Amino acid sequence: MTNRARIVRGTIGVAGVVAVAELVSRAGFADTSLPPASSVLLRAAEFFGDTEFLTAVGSTLEAWILGLLLATVVAVAVGIALSTTPWLNRATRVLVEFMRPIPSVALIPLAIVSFSSITESKVSLVFYSACWPILINTLYALRDVDPLAKETLRSFGFGKAAILLRVSVPSAAPFVATGVRISAAVGLVVVVSFELVAGNGEGIGGYLLQTQSGGGRPDLMLAGAIWAGMLGALINVGLVALERRTFRWHAVRTEASA
Amino acid sequence: MTVITGDHPAERPTGPTGVPGLRILTGGVTRLWLVALLVGCWEIIARIKQDAYFPPPSTIVRVFHELWFSGPATHLFLTDKALDDFQPSFVNLSCGWALAAVVGLALGVLLGRSRVAREILDPVLQFGRAIPPPTLIPFFIVVFDFGAQMQISTIAFGVIWPVLLNTADGVRTVEKLQLETAEVFGITGATRLLRITLPAAAPKIFAGLRVSLGFALVLMVISELIGSTTGIGAHLISSQQGMELPEMWAGIVLLGILGCLFNAVFALVERRFLSWHSNAHGLDS
Amino acid sequence: MLEVENLTHAYGDAPPVVSGIDLEVKPGELVSIVGPSGCGKSTLLRCIAGLQAPTGGRVRLDGKPVDRVPGNLAVVFQDYSRSLFPWMSVRDNVALPLRRRGMNRAQRQENALKALESVGLPGAAAKYPWQLSGGMQQRVAIARALAYGPKFLIMDEPFGSVDAQTREDLEDLVLRVRGNSGMTILLVTHDIDESVYVGDRVVVLSKGPARVRADLSVELPTARDQITTRELPEFVHLRAEVGRLVRGREAADEPKS
C-alpha cells in the first residue's frame, strides 16, 4: 500500500472520531458536560494566541526538558560506570530493583515539602522518574554488546577505554535512545501530575486546575489535554526521527534480521 | 591492567573450598552491602541532624507497622486504617486495569487482523497514547464527580494503550506458516483465535499487560492525590498537608513494596503461561 | 485424483514463477517433484494445496476445483519448528485438527496417540515440540497429517532441515505410511536421490519459470531399502538421468538470464 493511501485513511479516521464526538455531544446522549468536538478544537486553536496559556506551556516544557536532559546525562554516566565495575554493579542491582517500581508520583508530596521552589521540585521529580528507564536500558545494552566485536578490538591491542568508546557505547546508543523516549513520556506525565497536585496555577496542570474552579470549563480542559497530547506526540515523533537519522546502521541491521 | 581477569571475577566458581552455604552468604554480602550502607548512613545522619523532612528509617518502619500492620491476628494483622486505605485503592486499580485489559485485547485483535482498520485508526491511537492521562482528571471530575468512577476512568484510559498496541502488533505478526497450517487443517473462527492467534501473540500481550499494570499503580496514586479522600494516595497527601512526615514516608515505602509485589506476581504468572516461549526460543538459537 | 492444467502464477507484474504446468496424479501414487532450489516448487505446491490462488490455469482434486484448502488434503511443511505450535503438547498438536472431523475429546486424544505410535513416537505425547530433535518434530508433523486422515498428502521439502541419517529414516517412514494407508502423496524435494528413492514417478521441473521438463516413471520394486535399492543399476541410471535433467537445464539457462 502506498504512503498516500495511509495518509488518506488516517485522515478519515481522525475526521470520523471528531464527527462521532461532535454528534454524541450535540445529540445529548451523554452527560451535558461533554462539550462538542468543534468547540474543543476551536479552544485548542485559540490557545495559540493566549499568552497566559502559552506561559503555562512554557513552564511545563522548561521543567520537563531540563529534568530529561539532566537524567540522560546522569543515567548514561552511571550506567557506563556501573557496567565497567562489576562489584558495584552487583551491589546496586538490588537498590535499582527496589527503587524502580516506586511510582514516582508517590514522591510528589515529598517533592512539595523538600524544595522551596516549584520549578526545582518539578525538575527533580522529572529527573528522578526519567533516570530509571535510561539507566536500565543503558545497563542492559552494555551487557549485551557483542563480545566478538569487543574481542576483535582487543586482538588488535586496543585498551579498555578504546573498546568502551568504539564498540560498547556506539552499539548501546540506540537502546539508550529508546530509554530516553520512554523517559520523555513518563516525564511529561509526572510533571503534569505534579502541577495538578501542587502547581499553584503554574504549568499546563495548574492551568487545567484553574479551569475547574467556577463551575468548570470542560471545553478548556479538553483543549488543554489535547495540547499536552500534541506536545507528547511531537516530542516522540521528533525523537524517533532523530534516532532514525543517527542510528541508520542500526535500523538497517534490525530490519534485515527481522 | 590485565585484560583477562577484568571481566567478571565475582562470577567465577570459588573452587573446591566453596561450600554452597558460604557461597550464598558471600553472594548476599556482595549484593546487599551497598543497601545496608546507605540505610545505615541515612539512619545516623537523620538522628544527628534531627531533620523533620527526612526521618530515620527506623522511625519510618515503626510508623509503617503502627499505621497498617499492628491490627489483630484475626484481621491478618491489618489495622482498620489499612482496610480503609487499601480497599478503595485495590478496587479502583483492579477495575481500571481489568477494564483496560478486556477492551484493549478486543480492540487489539480487531486492529491486528485488519490492515485497513489499523491504518484508519493509527493517528488517533498514536495521539490518544500521547495524552498524559492525568491531564484528563479535571475533565473526568466534571463528568463523573469525585470518586471511584473518575478514578477507574483515569486508570482505564491511561493503561489501555500498551495492551491495545501490543495485542495489535502481536496478532499482526503471527507467523504466516502457523496460520497456513491452521488453514490446511481447517482450524478457523473461534478455535483459530483461541488456540492459534492468541497463544502466538501471548508474549507481546503479556508484555503490554505488565507495562500497563505498573502504569495503573501510578495513575491510581495520582488520581487519589488529586481527587479522593480515601486510598493510599489520599493518605500520602493528607499526611503531607498535616506535616506528618514519617507517615508520608511510610506511604512511599508502602507504594514501593506494592510496586515490587506487582512485578513479582506478574513475573510468576508470566512464567507459568509463557514457559513454552522462553524454552522454545532458548533451544532454537 | 489430482489434475493440474496449464497452471501459471506470477507475483504482481513480475515474470511468472510457474508457467503452464500440466500434471496428473493417480490415486495411490507417490509422485516426487524435483527441481533446482528456488525454481518455484513451493509456489506450485501452495497453488495445488489451495493456499494461494494461481493467476492462471486450473487445479482439480477428485474432480472438484480447488479454490480453498480441501478437507481431504493435508500438508507437511519443511519448517516443522514453525508449523508445530510450540504452546501445545505434541498430543494436542496432533489432536487439534481432528476437531474438524467431528470427534469428541476422547476420540481425538486416542487417534492422536495412535498416529504418534505409527510414526514411532509413542512416548512423546506429553512433551512439547521444542523438547524433541528436528527429526522427531518432523515425525510429529507427519503424525498430525496421518491422524487427520486425508486422501491426498502434500509434502513440501519435508526432510530439508534434518541430518542425512534422519533423512533416510524419514524417507522409509513415508514409504511405510504410504504402504499402510494407500494415501496419494505429492512430495517436493531438491534432492535428486530422494526423488528417485521414494517416488513411483519423478517430475523434473526447470527453473525460472517452473515448467515440467520431464516426467519419468520409476521402474523399481515397491519394497525399497536404503542400501540395496540404491545400488540397483536401474536406480543408478535413473538418478543420473534426473541429475542431468536438473543440472543440465540449469546450466543451459544461466547465460540467458
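Residues numbered from 1 in each chain as written. Chains lettered and ligands numbered in written order. Predicted model: local features only at pLDDT ≥ 70, side-chain atom pairs only at ≥ 80, totals over all residues.

- An unreviewed UniProt entry lists chain C under the name ABC transporter, with Planotetraspora mira as the source organism.

Description of the overall build of chain C
Now for step 1: Looking only at helices and strands, chain C features nine helices and 10 strands.
Now for step 2: Taking 18 Å as the expected radius of gyration for a compact globule of 257 residues, we find that chain C reaches 18 Å, a close match to that expectation.
Now for step 3: For chain C, with 257 residues in total, the buried portion stands at 44%.
Now for step 4: Long-range pairs, those at least 24 residues apart, make up 68% of the contacts in chain C with a sequence separation of at least 6. (Helix = DSSP H or I, 4+ residues; strand = E, 2+ residues; numbered from the N terminus. Rg over C-alpha atoms; globule rule 2.2 N^0.38 Å. Buried ≥ 20, exposed ≤ 12 C-beta atoms within 10 Å, placed from the backbone. Contact = placed C-beta atoms within 7 Å.)

Quick notes on the sheet that holds strand β1 (residues 2-9) of chain C
Residue and element names in this part refer to chain C.
Now for step 1: The antiparallel open sheet is built from four strands, whose spatial order is β2-β1-β4-β5. Only two strands of the sheet have a single partner each, and these edge strands are β2 (18-25) and β5 (64-65).
Now for step 2: When β1 meets β2, the two strands line up antiparallel, connected through five bridges. Directly across from E3, in β2, lies its bridge partner E24.
Now for step 3: Across the sheet, helix α1 (residues 41-49) is in contact with β1, β2 and β4 (56-61); its angle to β1 comes to roughly 125°. (Pairing = 2+ DSSP bridges. Axes fitted to C-alpha atoms, helices over the stretch in contact; angles between N-to-C directions.)

Some remarks on the pairing of strand β9 (residues 201-205) of chain C
All names here are of chain C.
Now for step 1: Burial analysis of β9 places four of its five residues in the buried class, the great majority of the element.
Now for step 2: Two strands pair when backbone bridges link them, and strand β3 (residues 30-34) and β9 are joined in this way by four bridges, in the parallel orientation. In the sheet register, I33 faces β9, and the bridge partner there is V203.
Now for step 3: Alignment of β9 against strand β10 (residues 212-217), held across five bridges, turns out to be antiparallel. Residue pairing across strands places R201 opposite S217, the latter belonging to β10.
Now for step 4: Where β9 folds back on β10, the antiparallel hairpin that results is connected by six residues, among which G208 adopts a positive phi of roughly 45°.

Thoughts on unusual backbone geometry
Now for step 1: A positive phi angle, near 55°, is found at Q50 of chain B, a position not held by glycine.
Now for step 2: Under the C-beta neighbour-count criterion, Q50 of chain B is labelled exposed, with 9 such atoms within 10 Å.

Some details on helix α4 (residues 115-130) of chain B
An α-helical turn contains 3.6 residues, so a residue and the one three or four places further along point in the same direction.
Now for step 1: Across its 16 residues, α4 of chain B extends 22 Å between first and last C-alpha, which sits within 8% of the 22 Å expected from 1.5 Å per residue.
Now for step 2: Of all bends in α4 of chain B, the biggest is about 50°, found at L121 of chain B, and the proline P123 of chain B comes one to four residues later.
Now for step 3: Among all positions in α4 of chain B, only I120, L121 and A130 of chain B are buried.
Now for step 4: Turning to α4 of chain B, the residues buried within the fold contact α1 (3-27) and α10 (218-246) of chain A together with α3 (80-113) of chain B. (Expected span 1.5 Å × (residues − 1). Bend = angle between axes of the 7 residues up to and from the residue.)

Description of the interface of chain B and chain A
Now for step 1: The partner chain A presents 55 residues to the 50 residues of chain B that form the contact.
Now for step 2: Those elements that place two or more of their residues in the side of chain B that touches chain A are α1 (20-49), α4, α5 (137-144), α8 (189-227), α9 (232-241) and α10 (245-273) of chain B.
Now for step 3: A class-by-class count of the residues in the side of chain B that touches chain A yields 38 nonpolar, nine polar and three charged. (Nonpolar A, V, L, I, M, F, W, Y, C, P; charged D, E, K, R; others polar.)

Quick look at the domain arrangement of chain C
All names here are of chain C.
Now for step 1: Annotation of chain C at the domain level lists domain 1 (2-72 + 150-253) and domain 2 (86-149).
Now for step 2: Here the C-alpha centre of domain 2 lies 25 Å away from the C-alpha centre of domain 1.
Now for step 3: Contact residues are listed per partner, giving 12 residues for domain 1 and 11 residues for domain 2.
Now for step 4: For the side of domain 1 that touches domain 2, the element with the highest residue contribution is helix α6 (residues 164-181), accounting for five residues. (Domains from an automatic or database assignment.)

Remarks on the packing of α1 of chain A against α4 of chain B
Now for step 1: Two elements in contact, α1 of chain A and α4 of chain B, have axes whose closest approach is 7 Å; the angle formed by their N-to-C orientations is 60°. On the basis of their axis angle, the class for α1 of chain A and α4 of chain B is oblique. Seen from above, α1 of chain A lies across α4 of chain B with right-handed handedness. Between α1 of chain A and α4 of chain B, the contacting residues are R6, R9, G10, I12, G13, V14 and V17 of chain A on the first element and V116, E119, I120, L121, D122, P123 and V124 of chain B on the second. (Parallel < 35°, antiparallel > 145°, perpendicular 65-115°, else oblique. Left-handed = near helix turned anticlockwise from the far one by under 90°.)

Focus on the domain arrangement of chain B
Now for step 1: The domain boundaries assigned to chain B delineate domain 1 (20-51) and domain 2 (75-284).
Now for step 2: On a C-alpha basis, the centres of domain 1 of chain B and domain 2 of chain B stand 34 Å from each other.

Quick look at the interface of chain C and chain B
Now for step 1: Across the contact, 21 residues belong to chain C and 19 residues belong to chain B.
Now for step 2: At the level of elements, β6 (73-76) and α2 (80-83) of chain C are the ones that each hand at least two residues to the side of chain C that touches chain B.
Now for step 3: At three residues, α2 of chain C tops the list of elements feeding residues into the side of chain C that touches chain B.
Now for step 4: When its residues are assigned to classes, the side of chain C that touches chain B shows 14 nonpolar, three polar and four charged.

A few points about the confidence of the model for chain C
All names here are of chain C.
Now for step 1: Put simply, chain C has an average pLDDT of 87, and 96% of its residues get 70 or more.
Now for step 2: Of the regions scoring below 50 in pLDDT, residues 250-257 engages in five contacts with residues more than four places distant in sequence or in other chains.
Now for step 3: Quick note on the complex model: pTM equals 0.85, ipTM equals 0.86. (pLDDT = per-residue confidence, 0-100.)

Section: the packing of helix α6 (residues 148-172) of chain B against α8 of chain B
All names here are of chain B.
Now for step 1: In the contact formed by α6 and α8, the axes pass within 7 Å of each other and the chain directions differ by 160°. Here α8 runs roughly antiparallel to α6, going by the angle between their axes. When the axes of α6 and α8 are compared, the crossing they make is right-handed.
Now for step 2: When the residues that make up the contact of α6 with α8 are grouped by side-chain class, the tally is 15 nonpolar, 11 polar and three charged.

Details of the sheet that holds strand β8 (residues 184-189) of chain C
All names here are of chain C.
Now for step 1: Reading across the sheet, the six strands line up as β6-β7-β8-β3-β9-β10 and stay open at both edges, with mixed pairing between neighbours. The sheet is open, and its two borders are formed by β6 and β10, each paired with just one other strand. Taking each pair of neighbouring strands and ignoring which way they run, the sheet shows an average axis angle of 15°.
Now for step 2: Along the sheet, α1 contacts β3, β6, β7 (152-156), β8 and β9; its crossing angle with β7, the most-contacted strand, is approximately 155°.
Now for step 3: The strands that helix α5 (residues 134-148) touches are β6 and β7; relative to β6, the one it contacts most, it runs at about 175°.

With respect to α5 of chain C
Residue and element names in this part refer to chain C.
Now for step 1: End to end, α5 covers 21 Å across 15 residues, agreeing with the expected 21 Å (1.5 Å per residue, within 8%).
Now for step 2: Among the 15 residues in α5, 12 count as buried, and that is most of the element.
Now for step 3: Among all positions of α5, only Q137, Q138, R139, V140, A141, I142, A143, R144, A145, L146, A147 and Y148 are buried.
Now for step 4: Where α5 is buried, its residues meet β6, α2, α3 (90-95), α4 (105-118), β7 and α6.
Now for step 5: Of the residues trailing α5, G149 is marked for its positive phi of about 65°.

Focus: the environment of A145 of chain C
All names here are of chain C.
Now for step 1: Within the fold, A145 resides in helix α5.
Now for step 2: A145 gets classed as buried once you count the C-beta atoms within 10 Å, which come to 27.
Now for step 3: In sequence terms A145 and R68 are 77 residues apart; their C-alpha atoms lie 18 Å from each other.
Now for step 4: Dropping the residues within four chain positions of it, A145 is found in contact with A74, V76, P150 and L153.

Quick word on the nonpolar core
Now for step 1: Counting residues in hydrophobic clusters, the biggest one holds 203 residues, and the most contacted among them are V126 of chain A, A216 and V221 of chain B together with L116 and A143 of chain C.
Now for step 2: Discounting residues that sit within four places of it in the chain, A143 of chain C has contacts with V94, A115, L116, S118, V119 and L121 of chain C. (Core = buried A, V, L, I, M, F, W, Y, C linked by C-beta atoms within 7 Å.)

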